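Spelled out, the chains give:
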Amino acid sequence: MSNVTYNKLWGEAQNTINGATEYDTVLHAAPYEKDKRAAQIWVSELYVKYVTVVNKLDQCYDQIVHPQKRLVIRKLLDACIGRVLELKHELVNLDLSEFSYYDDVLLKLKILPMEVEINVPNYYRREREDELKKRKKAMDDILKKLGFYEEEIIEEEMTEEEAIRLIQRHERARQGRLRSQFMKEIRLMKEKGKAEVPESKAFDISLAAIKIQKTWRGYSTRHKMKRRKLDEMLLIGMLQSSFTEVKARRRAEEVKEIRRKLQKEYQTEYEEMLISEKQHIKTWRGGHMKEDIGDEVRTWITDYWHETGKFPDMPSEESGGSTLFFTRQAAESEISKTTTSSSREGKGKKDKGKKDKEEGKKKKDDEEDDLGFKMQPSNFLGDIQAASTEHEAVWRYRDESQNPWQHADVEIIKEQKTAQVEAELRREVDQLLRAELEVLQAALARDLASKGKKVRKASKKKGRSGKKSKKKKEKDLTPDRTLESLFEELITNGIIRKYPEVQLSEFRGERSYAADDLRKLGKDPLPSLGDIRQVILEYCILPLGSKAIHQTAPLVKSVLLAGSRGSGKDMLVHAVCTETGAVLFDLSPANIVGKYPGKSGLIMLVHLVNKVSRLLQPSVIYMDGAEKPFLKKVPKTDKTDPKRLKKDLPKIVKGISQDDQIILIGVSRCPWDCDQKALAQTYSKMILIPRPDYGSLSFLWKELLFQFGGVSRQFDTAAMTKVSDGYTVGSILEVIKEVMTCKRALQLRVQPLTHAELINSLCKMEPVYKEEDEAFLQWFLKTPIGRRKARQLEIEAELRAELAPKTKKKN
């Protein structure tokens, strides 16, 4: 696509942002809303709008080459992602569920459910490509040194003479096969020629031609009708296409890569222009600007002296310097340092303290009375509005006819650098004027002293000492060691692990389309695989991938994934690491057994994980068998000492702050086996991954089977969906891997795939039994959010029961 197309897309996104921010501001100012369904619709509408904006802005940021536009888009993109995360947490509090459904909003806005799924921003990995490659290479080198990788056997190069002989050998064999076939045909023709056809059985040539024509026309027509029927079914979506336009896709990807290369070139050019323009302004205009600033400030000081009979004190550099003179000309401001301001400050502080107490009391009363829903203040709304204002003021109506290749705009650079140079020169001028004012004040003091008048001495503000942090700094047990040596040690001990690169999109599955209707009926439906994918994106990937977003967005320190074997828990962990380019620290009991023994060893292990994970952000701390550290009774057969991290794991989670791009992800197959209170204290979010529903299974079979070109598009996947009900995604993947071997894929044209082959392989797999399913549901109902949801459903049922007799009486 062209520059115009992406500019247009940015404009469309900006129009949506303007409407969303206006609506957002209204909701913030709105009074408490008691109707939770109405509040849920309001928040959902905002959420959906911001999600569509994020997807559009991500495309723009990935493909727009103009460096200055990309700066504005990046601000908008980060702020919109942050706002999406805030709204997600609002929806969780409203629904008392980690999964949100909003079919009414989608119908109102005429948006497809697929459009509301957020894409992982491209810049999360693309802007760190070099760093990730270096880290991967360093890890590979360490593993090779340890002997985990076998050295690749390099084949000896073939000489030219050997290559010619090989080609000649193959050519002679080919010619021999052709000659053999030719001689066979001649021999058959001779044998046929020997048998004479009787005259009575001979037929007319014209009749033979008619018969051939008839047969061919029938075949040709049937083929055309079949093709037409298939095209029609593909058009209406009843069949999945067996091929994609590979050339077109490849060309589109090539164009994207070309634009990304241009981005790097233009960015380098822009950075060079910033330096050269600043130097140019300093050289040619710096002297005049310095004189103008000095004259302006001196004039103001002289006028002030004529009016008040005294000289002002120069404000400090931190407070703004001489710029404050022109912002407070009419008042006896901070410059004169009268006691009134300090008294006002004191009074203000008292009033503020009183106000805070009143607000706190009011808030407490409100919580007791449960006034309803009120939108929480946003940390990102101001940034969105500021970036939108910049777009409106600078870019929306800018004439770019003279800049078709989208190079950096020189005029904007000049404006920015002029202001920057002026600020730097003002600091220099202020330094000189401070010395001049001291001399003038001293002269004025001597003059007044000679006349017998008292002089108010300028009070010197003592610099405020920085508040001591209440947080105790952890003692560094490895002060003399480099990051490289610590990294190597953790890889050697298997704490930092290499993981398979998996995209989140590879966790296939449909979203739940009936969940919204079920919730309206007062039921709490189980999520689908598509819902799980969205939640992992919102809780783990989006905050973890960007430092700017993580510092301000709602903090999720830990996530627990619970599900049966083969449900995709480990795959999701690897997807989080892949999409964010994170380092994986494996603290599973089975992995750390025998490593860093004793109490001192455990202290060192925890210290190393804390230290290195912060130095190599983003980081994922992984815990397989998340329930094991909190087991009430350890089985005698378990020799891994699972309770070793019982006390340290909650401390690791507690130490994660907004500035740390770190998350703890635990996976569990039997989370009910442990102390639930300790588990809830460690993991703030608990996500149950159920077995796939009908929609997800149908989608999986189609996706996995139809990737093989030889499989007929009329193959009945619905039958396989019904048969495989109760099996996990992992089981289905194993079946496809076992049946669709390379040899079987080549035979598909001659020997079509049958259901029996798949069913025979599926029978060997272990399904998820009803008892296990119920155990997971019972456990989830006892989690903090499960209990809150159950309580809410009880209250709603009681209210409906109370209202039912009243409505009957009215009728």
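Small disclaimer: the values here were computed from a predicted structure and weren't measured.

A.B. asks: Sorry if this is basic, but what is going on with a positive patch on the surface here?
C.D. replies: Among the surface-exposed residues, K599, K646, K647 and K651 lie close enough to one another that they form a single positively charged patch. Tracing the backbone shows K599 in helix α19 (residues 598-615). Accessibility expressed as a relative area gives 70% for K599, which makes it exposed.

A.B. asks: Please explain the side chain of T682 as it appears in this structure.
C.D. replies: Note that T682 resides in helix α21 (residues 676-682). For T682, a relative accessible area of 0% gives the class buried. Dropping the residues within four chain positions of it, T682 is found in contact with S558, F630, L649, P650, V653 and L664.

A.B. asks: What's the story with the environment of F715 in this structure? I'm lost.
C.D. replies: Looking at the secondary structure, you find F715 in the loop between α22 (694-705) and α23 (717-723). Linking F715 and P752, residues 37 residues apart in sequence, is a C-alpha distance of 9.4 Å. Setting aside residues up to four positions removed in sequence, F715 forms contacts with L705, F706, M720, L753, T754, H755 and L758.

A.B. asks: I tried to follow the packing of aromatic side chains on my own but got confused; where do I start?
C.D. replies: The geometry of an aromatic ring pair comes down to the distance between the two centres and the angle between the two planes. Overall, the coordinates contain seven aromatic pairs when judged by the stated rule. Both rings, one in Y123 and one in Y124, keep their centres 5.1 Å apart while their planes meet at 85°; by these two values the pair is edge-to-face. Neither residue differs from the other here; Y123 and Y124 are each classed as buried. Here a set of aromatic residues connected by ring pairs shows up, and it is made of Y61, Y123 and Y124. The ring of Y61 carries the charged tip of R70 above its face, separated from the ring centre by 4.2 Å. Against the face of W395 rests R398, its NZ or CZ located 5.7 Å from the ring centre.

A.B. asks: Would you explain the sheet that holds strand β3 (residues 583-586) in this entry?
C.D. replies: Within a sheet, each strand pairs with its neighbour through backbone hydrogen bonds, oriented either parallel or antiparallel. Taken together, six strands build an open sheet; the order of strands is β1-β3-β4-β5-β2-β6 and the sheet is mixed. The two strands at the open ends of the sheet, each matched to only one other strand, are β1 (496-497) and β6 (685-689). Across five bridges, the pairing between strand β2 (residues 558-563) and strand β5 (residues 662-668) is parallel. Of the residues in β5, the one forming a bridge with L560 is G666. Set on the sheet, helix α15 (residues 529-545) makes contact with β2, β4 (619-624), β5 and β6; between it and β6 the angle comes to about 150°. Packed onto the sheet, helix α17 (residues 569-580) meets β2, β3, β4, β5 and β6 and runs at close to 165° relative to β5.

A.B. asks: Explanation requested: the confidence of the model for the protein in the structure shown.
C.D. replies: As a note on interpretation, predicted positions should not be read in detail where pLDDT is low. Here the protein averages 83 in pLDDT, while 87% of its residues score no lower than 70. Every residue in residues 458-470 scores below 50 in pLDDT, and together they form three contacts with partners more than four places removed in sequence or on other chains.

A.B. asks: I tried to follow unusual backbone geometry on my own but got confused; where do I start?
C.D. replies: Glycine aside, residues mostly have negative phi angles, and peptide bonds mostly take the trans form. Backbone torsion omega between Q617 and P618 reads -5°, so that peptide bond is classified as cis. For L96, which is not glycine, the phi dihedral falls at a positive 55°. Take L96: it is sitting in the loop between α3 (67-95) and α4 (103-109). You can call L96 buried: its relative accessible area is 9%. Backbone geometry places Q406, a non-glycine residue, at a positive phi of 60°. Within the element layout of this structure, Q406 appears in the loop between α11 (381-395) and α12 (410-450).

A.B. asks: Honestly, α12 in this entry has me stumped. Any pointers?
C.D. replies: Residues lying three or four places apart along an α-helix face the same way, a consequence of the helix completing one turn every 3.6 residues. Over its 41 residues, α12 runs 59 Å from end to end, which matches the ideal 60 Å to within 8%, given 1.5 Å per residue. One side-chain oxygen of the residue at the start of α12 lies 3.1 Å from the amide nitrogen of E411, identifying that residue as D409.

A.B. asks: Help me out: how do you make sense of the nonpolar core in this one?
C.D. replies: The nonpolar side chains of a soluble globular protein tend to be buried with one another. The biggest cluster of nonpolar side chains holds 151 residues, and the ones touching the most others in it are L57, L561, L587, V620 and Y683. Leaving out residues up to four positions away in the same chain, Y683 has contacts with S558, V559, L560, M623, A626, F630, L649, L664 and G666. Within the second largest apolar cluster, 16 residues are counted, among which are I281, V297, Y304 and L425.

A.B. asks: Please clarify how the pattern of salt bridges should be interpreted in this entry.
C.D. replies: It is possible for side chains bearing opposite charge to pair when their charged atoms get close. Taken as a whole, this structure holds 45 salt bridges when the rule is applied. Within this structure, D62, R126, E257 and R260 form a network of salt bridges that share partners.

A.B. asks: What's the story with the packing of helix α1 (residues 3-29) against helix α2 (residues 36-63) in this structure? I'm lost.
C.D. replies: If you want to describe how two helices pack, look at the angle between their axes and the distance between the axes. Following both chains from N to C, one finds α1 and α2 inclined at 155°, their axes separated by 9 Å at the closest point. The angle between α1 and α2 falls in the class roughly antiparallel. Between α1 and α2 lies a crossing whose hand is left-handed. On α2, the residues that touch Y6, L9, W10, E12, A13, T16, I17, A20, T21, Y23, D24 and L27 of α1 are W42, E45, L46, K49, Y50, T52, V53, K56, L57, Q59, C60 and Q63. Residue classes in the contact of α1 with α2 are distributed as 14 nonpolar, five polar and five charged.

A.B. asks: Looking at this structure, I do not really get the state of the cysteines. What am I missing?
C.D. replies: A covalent bond between the sulfur atoms of two cysteines is what we call a disulfide. Per the counting criterion, the structure on display carries zero disulfides. Its sulfur unpaired, C577 is 9.8 Å from the next cysteine sulfur, which belongs to C540.

A.B. asks: Hey, could you run me through the pairing of β3 in this one?
C.D. replies: Regular strands place their side chains on alternate faces of the sheet. Every second residue of β3 is oriented toward a common face, with V583 and F585 on one face and L584 and D586 on the other, all of them buried. Strand direction decides the pairing type here: β1 and β3, joined by two bridges, are antiparallel. What sits directly across from I496, in β3, is F585. The sheet contact formed by β3 and β4 spans four bridges and is parallel. Looking at β4, one finds that F585 is bridged to I621.

Analysis parameters
- Throughout this description, residue numbers start from 1 for each chain and increase along the sequence as written.
- In keeping with the predicted nature of the model, local features appear solely for residues at pLDDT of at least 70, side-chain atom pairs appear and are counted solely at 80 or more, and the whole-chain, interface and lining totals rest on all residues.
- Calculated side-chain values reflect all of the structure's heavy atoms, with hydrogen atoms and water omitted.
- Patch building starts from residues that exceed 30% relative accessible area and form no salt bridge, then joins like charges within 9 Å and nonpolar side chains (Val, Leu, Ile, Met, Phe, Trp, Tyr) within 5 Å.
- Residue burial considers only the protein chains on display, and all accessible areas are found by Shrake-Rupley using a 1.4 Å probe.
- Any Lys or Arg side-chain nitrogen found within 4 Å of a carboxyl oxygen on Asp or Glu counts as a salt bridge.
- Charged-residue counts in this description rest on Lys and Arg as positive and Asp and Glu as negative, His and the chain ends being excluded.
- For charged residues, the charge sits on one atom: NZ in Lys, CZ in Arg, CG in Asp, CD in Glu.
- Here a strand is any run of E in DSSP of at least two residues, a helix any run of H or I of at least four, and the numbering for each starts at the N terminus.
- Only protein chains enter the accessibility calculation, which uses a 1.4 Å probe; a residue whose area is less than 20% of its type maximum is buried, one above 50% is exposed, and one in between is partly exposed.
- Should any heavy atoms of two residues lie within 4.5 Å, those residues are considered in contact.
- When the centres of two rings from Phe, Tyr and Trp lie within 6.5 Å, Trp using its six-membered ring, the rings pair. Their planes under 30 degrees apart give stacked, over 60 give edge-to-face, and anything left gives tilted.
- Here, a charge over a ring is recorded when the distance from Lys NZ or Arg CZ to the ring centre is within 6 Å and its angle to the ring normal is within 35 degrees.
- By this definition, two strands are paired if DSSP reports at least two bridges between them.
- To get an axis, a line is fitted to the C-alpha atoms, and for a helix only the part in contact is used. The angle between two axes follows their N-to-C directions and goes from 0 to 180 degrees.
- Known as pLDDT, the predictor's confidence for each residue is given on a scale from 0 to 100.
- A helix is expected to reach a length of 1.5 Å times the quantity of its residues less one.
- Under this definition, polar contacts are N or O atom pairs within 3.5 Å; protein pairs additionally need one hydrogen-donor-capable and one acceptor-capable atom, and for neighbouring residues in sequence, both atoms have to be side-chain atoms.
- Among buried residues, those of type Ala, Val, Leu, Ile, Met, Phe, Trp, Tyr and Cys that are joined through side-chain atoms within 4.5 Å constitute a nonpolar core.
- For this classification, under 35 degrees means roughly parallel, over 145 means roughly antiparallel, 65 to 115 means roughly perpendicular, and everything else is oblique.
- Left-handed describes a crossing in which the near helix is turned anticlockwise from the far one by less than a right angle; the clockwise case is right-handed.
- Lys, Arg, Asp and Glu make up the charged group, whereas Ala, Val, Leu, Ile, Met, Phe, Trp, Tyr, Cys and Pro make up the nonpolar group; the residues left over, Gly among them, are polar.
- Cysteine sulfur atoms are paired as a disulfide whenever they fall within 2.5 Å.

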